[in-house]
Number of protein chains: 6
Amino acid sequence: MSLSHINDSNQPGMVDVSAKNITPRAATAEALVHVNEAVAAQFDGTDLVSKKGPVFQTAILAGIMGAKQTSNLIPLCHPLPLDSVKIDITFTDHTATIRCTARTTGKTGVEMEALTGASIAALTLHDMCKALDPAITITQVRLVEKTGGKSDFGGKAETLKS
Amino acid sequence: MSLSHINDSNQPGMVDVSAKNITPRAATAEALVHVNEAVAAQFDGTDLVSKKGPVFQTAILAGIMGAKQTSNLIPLCHPLPLDSVKIDITFTDHTATIRCTARTTGKTGVEMEALTGASIAALTLHDMCKALDPAITITQVRLVEKTGGKSDFGGKAETLKS
Amino acid sequence: MSLSHINDSNQPGMVDVSAKNITPRAATAEALVHVNEAVAAQFDGTDLVSKKGPVFQTAILAGIMGAKQTSNLIPLCHPLPLDSVKIDITFTDHTATIRCTARTTGKTGVEMEALTGASIAALTLHDMCKALDPAITITQVRLVEKTGGKSDFGGKAETLKS
Amino acid sequence: MSLSHINDSNQPGMVDVSAKNITPRAATAEALVHVNEAVAAQFDGTDLVSKKGPVFQTAILAGIMGAKQTSNLIPLCHPLPLDSVKIDITFTDHTATIRCTARTTGKTGVEMEALTGASIAALTLHDMCKALDPAITITQVRLVEKTGGKSDFGGKAETLKS
Amino acid sequence: MSLSHINDSNQPGMVDVSAKNITPRAATAEALVHVNEAVAAQFDGTDLVSKKGPVFQTAILAGIMGAKQTSNLIPLCHPLPLDSVKIDITFTDHTATIRCTARTTGKTGVEMEALTGASIAALTLHDMCKALDPAITITQVRLVEKTGGKSDFGGKAETLKS
Amino acid sequence: MSLSHINDSNQPGMVDVSAKNITPRAATAEALVHVNEAVAAQFDGTDLVSKKGPVFQTAILAGIMGAKQTSNLIPLCHPLPLDSVKIDITFTDHTATIRCTARTTGKTGVEMEALTGASIAALTLHDMCKALDPAITITQVRLVEKTGGKSDFGGKAETLKS
């Protein structure tokens, strides 16, 4: 019978952050959700009205709760305490723009928490409106800004990928 | 198509605790569970005996595990490490009194952890005894005492609401 | 060294529902939440307004999601698919009345799902308003009605325990 | 003190599927992930190699596990048994195309399971490669096809939104 | 830039059980836990007494709850309703024998539920007694019997591996 | 009606770690998995090939994610941030040796995280290969080494229990 030590470099592993400093960190992510006219017509100036309830409020809550599940969903993410998760939504011209900002005081960044929060909010918006538009599309899920780690990112004129 | 920035003041959001100090914090919550004579007759001097097993022991374990789920259950709670969760139960005169104390060393209080622990313990007691009394009622779920934050609460002659 | 088979009758165990029929089942549970004047003054005719967002809407969503966690929280509950969870809240005279109805098509009842949904909604209301009233009290958490199992319960003149 | 019954039509609620038929249902969703040249250069013909391990394999597993969490993440989704979740990834020209197909035999569709699986796989890909490209962008997260419910969707020449 | 369709045969995937019949299924798994004399001396004839509480009772509850988490822990397991999970523990000669039986009425077997239940119970026993014996060893975690699927297993003279 | 305060010493309770120091802590645990010739023949020099996908890679990811669930699975474990979880697998002579090392900077040790990670990896290996060998057996699940707490453990010539 053969013997093999499975080589770590080919195997999944968490980054060891034992030696990193605890610093305040923040990250902001964005997701856009495109809806059709039938959905857009439900906009009452504040929220989208749906048979399942208020869409943006539900999406915001789901996104906040989803951000707290990040380390359970993304296999190599570190579990960390969160100081804050904020989500807001702007709606214009058939597009909801979801922004999620996560903050921690810890050894590693919260990019994935911000991205997960924005994504779960976008998926929830999809779920609440899919009866009117099954072709709803989520685009431009990306990190907008990150501060507090070794290297900052974004925050000014970052170019969108199309 | 209209445009609207959803106003934060109307939308759910976590309180940002980034700037708060890390201090030792504790909270104690209570729940009462009223049972009928058929259930009370199962009390052996230490625990309620049921077909599903020992009631108070099961309720205590469920409450401790439930307290650890608080930030997954209460949408705007912060996830935080817990130094301790203790639950004890006193039984007298058809009423189980459940007390849950949670402790952390963190930036925000553990009232919801104590209340969630007491509530899940009470619900578990209900589950284990409902075959004998489907009308079991949980009352007086409330915060008894809280220390370590900006303002303390309770600890002496707080009045019960009826 | 001594030997002992731990007696099942003293140990926790799930009820075996293998042989039970699959039937449509429903249960309704209730919880009352008493708040002080400072909280009640925030009622805008539809919801309680708080710094953390809309209280009843957040509580309803938390309760629905909490009901889906029942078998993870209550140790001896069976995991089962849910056809529906509905929560509504009536507010009058410093008291929010939370009603949660759960439905399944399965082998066992959904009393605990209804009770857990009502309880998590009540705890969420507490969390959102505790800055104004740390003495908020949850009472009368109880099963109101249950149908579809071997024996029905409630639905008419069931007496409140005080 | 005023009284108000919170109007169900403004409140979040699950759709009641009690009366729906149990049928085999399937849904396929897609997500595209755009990466920069530094990431693309790590493609070995089968997978992207990263310091954290094999990217596509990890993303596929995370997506499968994420699809199973759908009803815990999307507030008004029904928990349901899943017969299968499959994810595959095609990589060409700086773009990973993730396809997730979910199947159930149940009363309601699995669109959200497919969309959640694709999204969590995409987020995991982001997490594993963000050290090389923090600007990774996820786009075109959408339902591709759905069968088995009242109305089918897609499956042929559905137009992409840009 | 190269193109490659990631070959399914090398990628993780759930088995598709859409076409399988729903049948009653059961599985029993076992785990042995070896403890030192210091732990064994705490046996009171029914349970091991520890500073953290009753060991076997806690282990049984944890195992039942752990069995319900199987599809969240084992990546390619199907989520399924469970009709019953039972765990019992026999203690003799420094060895606790944990047996876990899971039952479902479904399209796929519950071997992993039984094995996960036995394992989590064994780990909990370890946790409760490790202050007295950090060298506690869990062995012989294995499937003992399985019925209700295409092929049955065990149930008579299955040989132990050493 | 009788009265009794349930004695804490007989009831489950978490150890209170409020007063303990925050120190870097590590623990390593091991599990062996014995497979038959049919499974061993699938070894390609790096991983076991199975119809469900690459066995060791899947087991490693499941173990890492399982380690992060420890405080949700083991009732009296404290939730704590993890700096790192690493798992590697060596395969020789029909036996996979799984080693899991967990690290934290916290008030209490990570023995249970290491043991849970190794156990979930072993169970996943079982799940992926059980079609070829339903008699797969997991043995020697034990703590190998622990550092950073009041007392260290292992790390040299610790004897295996058979």
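Residues numbered from 1 in each chain as written. Chains lettered and ligands numbered in written order. Predicted model: local features only at pLDDT ≥ 70, side-chain atom pairs only at ≥ 80, totals over all residues. Heavy atoms only, no water.

1. Things to note about the overall build of chain A
The number of helices and strands found in chain A is four helices and eight strands. Each helix and strand of chain A, placed in order from N terminus to C terminus, yields the pattern β-β-α-β-β-α-α-β-β-α-β-β. Taking the principal axes of its C-alpha atoms as reference, chain A extends roughly 60 × 45 × 30 Å. Put simply, of all contacts in chain A between residues at least 6 apart along the chain, 69% involve residues at least 24 apart. (Helix = DSSP H or I, 4+ residues; strand = E, 2+ residues; numbered from the N terminus. Contact = heavy atoms within 4.5 Å.)

2. Focus on the interface of chain C and chain E
Every contact between the two is made by 26 residues of chain C and, on the other side, 30 residues of chain E. On inspection of chain C and its partner chain E, the count reaches two salt bridges. We note a salt bridge from C:D16 to E:R103, for which the minimum N-O separation is 3.3 Å. One can count eleven residue pairs in polar contact (both at pLDDT 80 or more) joining chain C with chain E. Among the secondary structure elements, those contributing two or more residues to the side of chain C that touches chain E are β1 (3-5) and α3 (70-73) of chain C. Residue classes in the side of chain C that touches chain E are distributed as 13 nonpolar, ten polar and three charged. (Salt bridge = Lys/Arg side-chain N within 4 Å of Asp/Glu carboxyl O. Polar contact = N/O pair within 3.5 Å; in protein donor to acceptor, adjacent residues only side chain to side chain. Nonpolar A, V, L, I, M, F, W, Y, C, P; charged D, E, K, R; others polar.)

3. Looking at unusual backbone geometry
Note: most residues except glycine have negative phi, and most peptide bonds are trans. Residue and element names in this part refer to chain A. Look at Q140: it is not a glycine, yet its phi comes out positive at around 55°. Relative to the assigned elements, Q140 resides in strand β7 (residues 137-147). The exposure class of Q140 is buried, given its relative accessible area of 10%. (Buried < 20%, exposed > 50% of the residue type's maximum accessible area, 1.4 Å probe, protein only.)

4. Details of the relation of the copies chain D and chain A
Aligned on chain A, chain D shows an RMSD of 0.0 Å; the corresponding rotation is 180° and the shift along the axis is 0.0 Å. Classification of the inter-copy transformation places it as that of a two-fold axis. Identified as the residue of chain D closest to the rotation axis by C-alpha distance is D:T139, at 2.0 Å. Comparing contact sets, 100% of the residues at the interface of chain D also lie at the interface in chain A, consistent with an isologous, same-surface contact. (Least-squares fit on C-alpha atoms with pLDDT ≥ 70 in both.)

5. Points about the confidence of the model for chain A
Caution is warranted with low-pLDDT regions, since their predicted coordinates should not be read in detail. Per-chain confidence: chain A averages 90 in pLDDT, with 90% of residues scoring 70 or above. Predicted confidence for residues 1-7 of chain A stays below pLDDT 50, and this span has 26 contacts to residues more than four positions away or in other chains. (pLDDT = per-residue confidence, 0-100.)

6. Things to note about helix α4 (residues 111-129) of chain C
End to end, α4(C) covers 27 Å across 19 residues, agreeing with the expected 27 Å (1.5 Å per residue, within 8%). Among the 19 residues that make up α4(C), 19 are buried, leaving the element largely enclosed by the rest of the structure. (Expected span 1.5 Å × (residues − 1).)

7. Re the side chain of A:D133
Residue and element names in this part refer to chain A. Here D133 is to be found in the loop between α4 (111-129) and β7. What makes D133 buried here is its relative accessible area of 3%. Only 2.9 Å separates the side chain of D133 from the backbone nitrogen of N36, close enough to count as a polar contact.

8. Concerning the pairing of β7(A)
In the case of a regular strand, side chains alternate between the two sheet surfaces. Most of β7(A) is tucked away, with nine of its eleven residues classed as buried. Here β7(A) runs beside strand β7 (residues 137-147) of chain D; their pairing, made up of two bridges, is antiparallel. Paired with A:V141 across the bridge in β7(D) is D:I138. With two bridges connecting them, β7(A) and strand β8 (residues 153-154) of chain A associate as antiparallel partners. Bridge pairing in β8(A) links A:K146 to A:F153. The hairpin formed by β7(A) and β8(A) contains five residues between the paired strands, and A:G148 there has a positive phi angle of roughly 105°. (Pairing = 2+ DSSP bridges.)

9. So, the packing of helix α2 (residues 55-68) of chain C against α4(C)
Residue and element names in this part refer to chain C. Closest axis-to-axis distance for the α2/α4 pair is 7 Å, and the angle between their directions is 145°. Seen from above, α2 lies across α4 with right-handed handedness. Every residue of α4 that contacts α2 at V55, F56, T58, A59, A62, G63, G66 and A67 is listed here: E113, T116, G117, I120, A121, T124, L125, M128 and C129. Residues that form the contact of α2 with α4 fall into these classes: ten nonpolar, six polar and one charged. (Axes fitted to C-alpha atoms, helices over the stretch in contact; angles between N-to-C directions. Left-handed = near helix turned anticlockwise from the far one by under 90°.)

10. Observations regarding the interface of chain D and chain A
Opposite the 47 residues of chain D that make contact, chain A presents 47 residues. For the chain D and chain A pair, buried surface summed over both sides reaches about 3,600 Å², with 69% attributable to carbon and sulfur atoms. In this assembly, chain D and chain A are joined by zero salt bridges. Where chain D meets chain A, there are six residue pairs in polar contact (both at pLDDT 80 or more). Mapped by element, the contributors of at least two residues to the side of chain D that touches chain A are β4 (53-54), α2 (55-68), α4 (111-129) and β7 of chain D. Looking at the side of chain D that touches chain A, the element that brings in the most residues is α4(D), giving eleven residues. Here the residues of the side of chain D that touches chain A are counted per class, giving 22 nonpolar, 18 polar and seven charged. (Buried area = accessible area lost by both parts, 1.4 Å probe.)

11. Digging into the pattern of salt bridges
According to the stated counting rule, one finds 42 salt bridges over all chains in the structure shown. For E:K107, the salt bridge is made with D:D83, and the minimal N-O distance between the two is 3.2 Å. With one member in each of two chains, E:K107 in the loop between β6 (95-106) and α4 (111-129) and D:D83 in the loop between α3 (70-73) and β5 (84-92) form a pair that bridges those chains. Across this residue pair, the class does not change: E:K107 and D:D83 are buried. A single network of salt bridges, built from pairs that share partners, joins A:E30, A:R99 and A:R142.

12. Quick word on the state of the cysteines
Linking two cysteines covalently via their sulfur atoms produces the bond known as a disulfide. Evaluation of the coordinates by the stated rule reveals zero disulfides over all chains. You can see A:C100 has no disulfide; the closest cysteine sulfur is in A:C77, sitting 13 Å from it. On the accessibility criterion, A:C100 (0% relative accessible area) is buried. The closest cysteine sulfur to the non-disulfide-bonded F:C77 is located on E:C129, 13 Å from its own sulfur. On the basis of relative accessibility, which here comes to 6%, the residue F:C77 falls in the buried class. (Disulfide = S-S within 2.5 Å.)

13. Considerations on the packing of helix α2 (residues 55-68) of chain A against α2(C)
Contact geometry of α2(A) with α2(C) gives a least axis separation of 11 Å together with a crossing angle of 55°. In terms of orientation, α2(A) lies oblique with respect to α2(C). α2(C) is crossed by α2(A), and the crossing has right-handed handedness. Contacts from A:Q57, A:T58, A:L61 and A:M65 in α2(A) reach C:Q57, C:T58, C:L61 and C:M65 in α2(C). A breakdown of the residues in the contact of α2(A) with α2(C) according to their chemical character gives four nonpolar, four polar and no charged. (Parallel < 35°, antiparallel > 145°, perpendicular 65-115°, else oblique.)

14. A look at the relation of the copies chain C and chain E
What relates the two chain copies is a rotation about an axis together with a slide along it. Taken as rigid bodies, chain C and chain E are interconverted by a rotation of 120° and an axial shift of 0.0 Å, the fit giving an RMSD of 0.0 Å. What the superposition gives is, in effect, a three-fold axis relating one chain to the other. Within chain C, C:P81 has its C-alpha nearest the rotation axis, a separation of 4.4 Å.

15. What to know about the environment of D:G13
Relative to the elements of secondary structure, D:G13 occurs in the loop between β1 (3-5) and β2 (23-34). On the accessibility criterion, D:G13 (11% relative accessible area) is buried. Not counting residues within four places of it along the chain, the set of residues in contact with D:G13 comprises A:K52, C:I64 and D:L76.

16. Some details on the packing of aromatic side chains
Throughout the structure, instances matching the rule amount to 18 aromatic pairs over all chains. Both rings, one in E:F43 and one in E:F91, keep their centres 4.9 Å apart while their planes meet at 50°; by these two values the pair is tilted. Here E:F91 lies in strand β5 (residues 84-92) and E:F43 lies in the loop between α1 (37-40) and β3 (49-50), a separation of 48 residues in the sequence. With relative accessibility at 0%, the residue E:F91 sits in the buried group. Of the aromatic side chains, those joined through ring pairs into one cluster are A:F43, A:F56 and A:F91. (Phe/Tyr/Trp six-rings, centres within 6.5 Å; stacked < 30°, edge-to-face > 60°.)

17. Focus on the side chain of D:T28
All names here are of chain D. You can see T28 is positioned in strand β2. A relative accessible area of 12% places T28 in the buried class. Side-chain polar atoms of T28 contact the side chain of T101, separated by 2.9 Å. When near neighbours in sequence (up to four residues on either side) are disregarded, T28 contacts R99, C100, T101, A114, L143, V144 and E145.

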